[in-house]
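# Summary of structural features
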Amino acid sequence: MSTREQPSPDQGVGSGGGRVYGADHVDFSSGTFHGLVAGMVTAAPAPVLPPVTRVPATGLVGLPRRPAAVFVGRDDELGALGQMLAAGPGVIAQTVVGLGGIGKSELALHYALRHHDGYHLVWWIDAESPQAIEAGLAALCRALCAGVAAEAAAQASAETATAWALAWLAAHRRWLVVFDNVEDADHLQPYLGRLTGGQVLITSRRDTGWQEIGGVLRLGTLTRAAAVQLLQGLIAPAAWDPIAAAELAAELGELPLALKHAGAYIARTPGMTIPGYLHLLRTASARHAARPWEGSAEHAVARTWAVTMDRIAATDRLAMRLLRLLACYAPDDLPCAVLYGLAEDGTVDEIQVAETLGVLAAYSMINRSGDGHAVSVHRLVQAVTRTSMDERDRTVLAAEAAALLQAALPDDPDRITSWPAYARLLPHARIVLTPDSPGMSYVLAYLHASGDWRTARTLQQQHLEALNENLGPGHPETLTARHGLAVWTGEAGDAVAARELFAELLPVRERVLGADHPDTLTTRHGLAYWTGRAGDVVAARELFAELLPVRERVLGADHPDTLTTRNQLAVWTGRAGDAVAARELFAELLPMRERVLGADHPDTLTTRHGLARWTGEAGDAVAVCELFAELLPVRERVLGADHPNTLTTRHGLARWTGEAGDAAGARELLAALLPVRERVLGADHPDTLTTRHGLAYWTGRAGDAVAARELFAELLPMRERVLGADHPNTLTTRHGLARWTGEAGDATGARELLAALLPVRERVLQLLTK
């Protein structure tokens, strides 16, 4: 990673750079159209993910490593898993719980490998955090699409790829997904609730909260006989001593991880016997890390760790350095290339690092991935390793781990081809990179480019706090970070909070940079935009009207940011109720954007869409259909048939086809659009739900009141779950359900629904007008 200036979040919402934010969210209520055309620059055309029904699994098996060659004493548990996972219709979930080091992951790994022929897909997800779960599902999307749409999968944001993977799982059967080391059952509930078939195997150290998900298998330590059998499978016959082995098994509490460490040590050390190891175990633990773990199950691992590291350190000093570095990262899937960066200082070379990793793997201190390109460390081994270091050592090693990771980050986080590497390094970056480090700036730039707003907001908050402390609240970099936090807060779903953050930032930027500084104007634009998104459309229009002449004076009338402000002024003029004026503003802007940007530029096409939409709102339903019909093939050619903005134009054409008098035609267009939006955006995306609403409405207008009522009844709980019970669009759907309940012949039911809805709308309206 080369040194560069921090990517500026100012190039997001409010500046006219980079991406579409909230294209045309449309809704229908008794035929009335509510919408928002965002005036941001859209990204370049990008390939799209294929329909989930057209992507077969073809026997895909994605396991993290080869299972242990010696695996004993778990036949009953394997049988129980098979019975539990084979029972009942629908999605079946089974959780394996137990202490760290007890063998939960190994049991799941052996089950998955033993039964993989019975599944079309077997996939493993390291699920320690919600972010890790999302990353694992996104990786599933990329793996499934590797042979049919690899580029589209690589370019998809984590959220989009996750939604696609869930849609694929929901559309298929005979798959097994393993969620390994889940910390909290609530982390899985949002995903499991969207699945309808297949089998889910969960492992967790947590013992509670799983009954609502499915069956629970509690894994205990091995029996004494099985523990001895495990040791026998690891130790050469020449060194075998069954009596001493039983004593060693008892000494280690029959904990599988500790037994593996002991067996690997005895097997790797020439002349070592089981009694000799017992002597080392009882003396080395007194000198090393056993005491902090005294009385716990982890005590056994700490003791075997002490013996093993004494041996390794005597012959390979690099091994201790690597193990300590590995204790600084996330436990799973660290690319070996990160550690190969140690060769940069000239003290070791890449071959030495690779050989030492092999030594650590041979002693069962680490696990290597199936392809050998990544390593994982058991969490207990990490914890014991950290305990062996004093505060100074931990500080020095943490800094070295951060430097290695930062050097491994690709130079261009905006480049789509860099995103898979960033996605793989993200769990480790969140642990080792300080919030104000250059590496974290790169990570934030990746999150911004790939559209992972929720993670960006979390990390940006930490980044801002660090800059505030180190540089001061008035430093330009701190102010840029505040702007980025406001942007990502809004994109993560909290428009009101975004507006408040911009309102707090604006006077600070005016004081520090000056009222006419371009960054100050960018913040004014952001404040206006998120004021509208928060529900105050009149205020948004006024703020854009005040900003436009300032940007014309400072930047010039033809500057792209000035034209973006013009576009937003047109949008919010229409949203504020003056459709005729909005149409005229779009008509004035269109030739300007065609001249400055080109007729096919995505921003120009956004303005054409706005002109079409507000022509219809101004009362000319026939002309708007012609404008949308002319625009659609252009957007398909420039952006692609599945681009979200192209789908927005398809929705607009459908809606105005109905408004022009062809309700049946509108219904058919929306029925054709719905599965495309479900595939591209996800079934729960607000725009997809908008299309569902439109389909219900125009089904009723086409004469089928009963079907309209049923469609509204299906949509309502979806909008309540996704948007919230008080969201205006949810209330619009409630109104539609009441209306078509009445049209279907149930006047009493309609009256009751409207009576229940009225006080809710009054309460929400009061909140919005405060």
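Residues numbered from 1 in each chain as written. Predicted model: local features only at pLDDT ≥ 70, side-chain atom pairs only at ≥ 80, totals over all residues. Heavy atoms only, no water.

### Topic: the pattern of salt bridges
Convention followed: Each salt bridge in this description consists of a side-chain nitrogen of Lys or Arg and a carboxyl oxygen of Asp or Glu lying within 4 Å of one another. A run of H or I in DSSP becomes a helix once it reaches four residues, and a run of E becomes a strand once it reaches two; helices and strands are each numbered from the N terminus. Relative accessible area decides the class of each residue, using a 1.4 Å probe on protein chains only: under 20% of the type maximum gives buried, over 50% gives exposed, and in between gives partly exposed.
Within the structure shown, the criterion is met by 28 salt bridges. Note that Arg 566 is salt-bridged to Glu 552, the shortest N-O span being 3.1 Å. Of this pair, Arg 566 sits in helix 24 (residues 560–575) while Glu 552 sits in helix 23 (residues 537–555), and the two are 14 residues apart along the sequence. A relative accessible area of 26% places Glu 552 in the partly exposed class. Residue Arg 637 is joined to Asp 600 by a salt bridge in which the shortest nitrogen-to-oxygen separation is 2.9 Å.

### Thoughts on the environment of Ser 418
Which entries qualify depends on this criterion: Side-chain atoms alone can form a polar contact between residues adjacent in sequence; in general such a contact is a pair of N or O atoms within 3.5 Å, and within protein one must be able to donate a hydrogen while the other accepts it.
Here Ser 418 is to be found in the loop between helix 16 (391–408) and helix 17 (419–432). Remark: the alpha-carbon pair of Ser 418 and Arg 635, spanning 217 residues in sequence, is separated by 27 Å. Side-chain polar atoms of Ser 418 contact the backbone oxygen of Asp 412, separated by 2.9 Å.

### Topic: helix 1 (residues 75–86)
The periodicity of an α-helix, 3.6 residues per turn, causes residues three or four positions apart to be oriented the same way. Which entries qualify depends on this criterion: To estimate the expected span of a helix, count its residues, drop one, and scale the result by 1.5 Å. To obtain the arc, one takes the directions from the helix axis to the C-beta atoms. Any two residues having at least one pair of non-hydrogen atoms within 4.5 Å are treated as being in contact.
In this model helix 1 runs 17 Å from its N-terminal to its C-terminal C-alpha over twelve residues, within 8% of the 16 Å that 1.5 Å per residue would give. Within helix 1 the residues assigned to the buried category are Glu 77, Leu 78, Ala 80, Leu 81 and Leu 85. One side of helix 1 carries all its buried residues, which in axial view fall inside an arc of 160°. Facing away from the buried side of helix 1 by more than 90 degrees, the exposed set consists of Asp 75, Asp 76, Gln 83 and Ala 86. Summarising the contacts, the buried residues of helix 1 are in contact with strand 4 (92–97), helix 2 (104–114), strand 7 (199–204) and strand 8 (215–218).

### Concerning the confidence of the model for the protein chain
To keep it simple, the criterion reads: Looking at any residue, its pLDDT shows the predictor's confidence there, from 0 to 100.
Chain-level statistics for the protein chain give a pLDDT mean of 85 and a share of 91% at 70 or above. Across residues 2–45, confidence stays below pLDDT 50; counting only partners more than four residues off in sequence or on other chains, it has 168 contacts. Confidence over residues 289–293 falls short of pLDDT 50; this stretch has 15 contacts with residues more than four positions distant or in other chains.

### Notes on the sheet that holds strand 3 (residues 60–62)
Rules: Here a strand pair is declared whenever DSSP counts at least two bridges between the two strands. Axis definition: a line fitted to C-alpha atoms, limited for helices to the stretch in contact. Angles are taken between N-to-C directions and run from 0 to 180 degrees.
With parallel pairing, six strands are arranged side by side in an open sheet as 3-5-6-7-4-8. The open sheet is flanked by strand 3 and strand 8, the only strands paired with a single partner. Ignoring strand direction, the axes of neighbouring strands in this sheet form an average angle of 20°. Here strand 5 (residues 121–126) runs beside strand 6 (residues 175–180); their pairing, made up of six bridges, is parallel. Counterpart to Val 122 in the pairing with strand 6 is Leu 176. Its contacts with the sheet put helix 1 on strand 4, strand 7 and strand 8, and the angle it makes with strand 4 is roughly 155°.

### Notes on the packing of helix 23 against helix 24
Basically, it comes down to this: Reported orientations rely on four angle classes, namely roughly parallel under 35 degrees, roughly antiparallel over 145, roughly perpendicular from 65 to 115, and oblique for the rest. A crossing counts as left-handed when the near helix is turned anticlockwise from the far one by less than a right angle, and as right-handed when that turn is clockwise.
Contact pair helix 23 / helix 24: the axes reach a minimum separation of 8 Å and the direction vectors enclose 160°. Here helix 24 runs roughly antiparallel to helix 23, going by the angle between their axes. The interaxial crossing formed by helix 23 with helix 24 has left-handed handedness. Taking contact as the criterion, the partners of Val 537, Ala 540, Arg 541, Phe 544, Ala 545, Leu 547, Leu 548, Arg 551, Glu 552 and Leu 555 in helix 23 are, on helix 24, Asp 561, Thr 562, Thr 565, Arg 566, Gln 568, Leu 569, Trp 572, Thr 573 and Arg 575.

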